[in-house]
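# Architecture and fold: a report
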Amino acid sequence: MKEVVVLSGKGGTGKTSIAGCFAALAHNKVLSDCDVDAADLHLLLQPTDRQTEEFWSGQIAHIDETTCTGCGLCQELCRFDAIHNFQVSRVSCEGCGFCAHICPVNAITMQDNMAGHWYISDTKYGPLVRARLGIAQENSGKLVALVRQQARKIAADKGYSTIITDGPPGIGCPVISSLSGADLALLVTEPTVSGLHDLERVIEVCRHFRVPATVCINKYDINEEKASKIEEHCADIGIKVSGKIPFDTAVNRAVAHGIPLVEYGEGPATGEVKRLWKNIEELISPD
Ligand code: SF4
Ligand code: SF4
């Protein structure tokens with residue numbers, strides 16, 4: 001089983017559009033969306049959910065009104081300003097447990113926190129595992145690990161040979177969680193100053209975790225000089241540029257129709273994305 005993770009050093013590079021195309025192009029695969037803070041791969045794949053599960057993580061404080069004497073100590077001492085009018089804000093509470101510790105009448109208990117949901121769905125392209133973290137909830141790295149674990153389980157149980165993962169943007173904990181142990185990271189970048197900077201950072205993360213990486217320059221023709229600089233930089237550090245996708249208005253039209261670009265029709269970007277997937281297949285093939 002081979003696992004390809006599509007990443008970008010920042011959001012908005014076209015990562016999900018490319019992952020959606022891979023979903024349509026790859027054979028015998030499981031799909032996973034590890035961008036649990038803002039999952040949107042499902043918008044292109046139109047899934048039907050067959051299993052919905054709660055994601056419990058961390059704790060939040062709960063005040064028993066019948067026991068509380070209204071002394072105000074917890075409100076005064078909560079350094080996250082999470083208690084007002086003897087009510088705990090689910091958004092602000094960090095679950096540190098300090099208020100429960102100092103309440104003179106033990107009116108505060110720490111309770112498990114339901115932080116989001118994860119889903120197993122059917123799509124016309126194969127099974128999809130995805131998740132949605134609740135507003136202002138943390139532990140997205142843990143939820144990403146859970147999504148990957150479920151995708152791997154489905155692949156192992158049903159004999160799928162490839163897992164295609166739409167990873168989170170950036171280089172934080174969820175990215176590390178989506179990357180570790182993968183067979184290949186496709187790093188999607190754009191020909192801008194910040195594009196190269198963000199690419200350098202995510203390449204470092206891949207190197208640290210010893211995950212082979214390859215690069216795709218999206219919309220390379222909006223600034224061919226910068227695109228060349230990215231290619232030169234990749235050549236200098238021994239990273240292959242597996243794809244250069246031109247700007248194509250069909251990409252936005254496909255998104256508006258809720259389908260992967262490669263299903264929307266032929267065009268300059270479509271042909272390049274198909275070539276990119278062929279290159280990725282070669283990179284993950286056993287020989
Ligand atoms: S510290 Fe305890 S008793 Fe005092 S206001 Fe908070 S919950 Fe109520
Ligand atoms: S658990 Fe910590 S953050 Fe939450 S209300 Fe109590 S003191 Fe504030």
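The present account deals with the structure reproduced in this document. Everything numeric here is computed off the predicted structure, so don't read it as measured data.

The subject of this paragraph is the site of ligand 2. All residues adjacent to ligand 2 are A61, C78, F80, A82, I83, C93, E94, G95, C96, G97, C99 and M110. A class-by-class count of the residues in the shell around ligand 2 yields nine nonpolar, two polar and one charged.

Attention now goes to the packing of aromatic side chains. One pass over the full model with this rule turns up one aromatic pair. For the ring pair F22 and W277, a centre distance of 4.8 Å and an interplane angle of 45° mean the geometry is tilted. Of this pair, F22 sits in helix α1 (residues 15-25) while W277 sits in helix α11 (residues 268-284), placing them 255 residues apart in sequence. Residue class for F22 comes out buried when judged on its relative accessible area of 0%. The exposure class assigned to W277 is buried, which follows from its relative accessible area of 5%.

Packed helix pairs are specified by the crossing angle of their axes together with the interaxial distance, meaning the distance between the axes. Look at α1 against α11: their axes get within 10 Å of each other, and the N-to-C directions meet at 70°. If you check the angle between α1 and α11, you find them roughly perpendicular. Only V273, K274, L276, W277 and I280 of α11 make contact with α1, whose side of the interface consists of I18, C21, F22 and L25. Grouping the amino acids of the contact of α1 with α11 by side-chain chemistry returns eight nonpolar, no polar and one charged.

With the rule as written, the count across this model stands at zero disulfides. Among the cysteines around C206, which has no disulfide bond, C234 carries the closest sulfur, lying 11 Å off.

On to the pattern of salt bridges. Side chains carrying opposite charge are able to pair once their charged atoms draw close together. In this structure the tally under the stated criterion is 14 salt bridges. Here K229 and E225 are joined by a salt bridge, their closest N and O atoms 3.9 Å apart. Placement of the pair is K229 and E225 together in helix α8 (residues 224-237), with a separation of four residues, close to one helical turn. A single network of salt bridges, built from pairs that share partners, joins E3, R148 and R152.

On the basis of which strands lie adjacent, the open sheet formed by nine strands has the order β3-β6-β7-β2-β8-β1-β9-β10-β11 and mixed pairing. Each edge of the open sheet is held by one strand with a lone partner, namely β3 (48-63) and β11 (240-245). Strand-to-strand, the axes of this sheet are offset by a mean angle of 20°, without reference to chain direction. When strand β2 (residues 29-33) meets strand β7 (residues 126-133), the two strands line up parallel, connected through two bridges. Across the sheet, residue L31 finds its bridge partner in β7, namely L128. Taken strand by strand, α1 contacts β1 (2-8), β2, β8 (162-169), β9 (184-189), β10 (213-218) and β11, and its axis lies near 170° from that of β8. Relative to the sheet, helix α7 (residues 193-208) contacts β1, β9 and β10, its axis offset from that of β9 by approximately 170°.

What counts and what doesn't
- Residues numbered from 1 in each chain as written.
- Chains lettered and ligands numbered in written order.
- Predicted model: local features only at pLDDT ≥ 70, side-chain atom pairs only at ≥ 80, totals over all residues.
- Heavy atoms only, no water.
- Near = heavy atom within 4 Å.
- Nonpolar A, V, L, I, M, F, W, Y, C, P; charged D, E, K, R; others polar.
- Phe/Tyr/Trp six-rings, centres within 6.5 Å; stacked < 30°, edge-to-face > 60°.
- Helix = DSSP H or I, 4+ residues; strand = E, 2+ residues; numbered from the N terminus.
- Buried < 20%, exposed > 50% of the residue type's maximum accessible area, 1.4 Å probe, protein only.
- Axes fitted to C-alpha atoms, helices over the stretch in contact; angles between N-to-C directions.
- Parallel < 35°, antiparallel > 145°, perpendicular 65-115°, else oblique.
- Contact = heavy atoms within 4.5 Å.
- Disulfide = S-S within 2.5 Å.
- Salt bridge = Lys/Arg side-chain N within 4 Å of Asp/Glu carboxyl O.
- Pairing = 2+ DSSP bridges.

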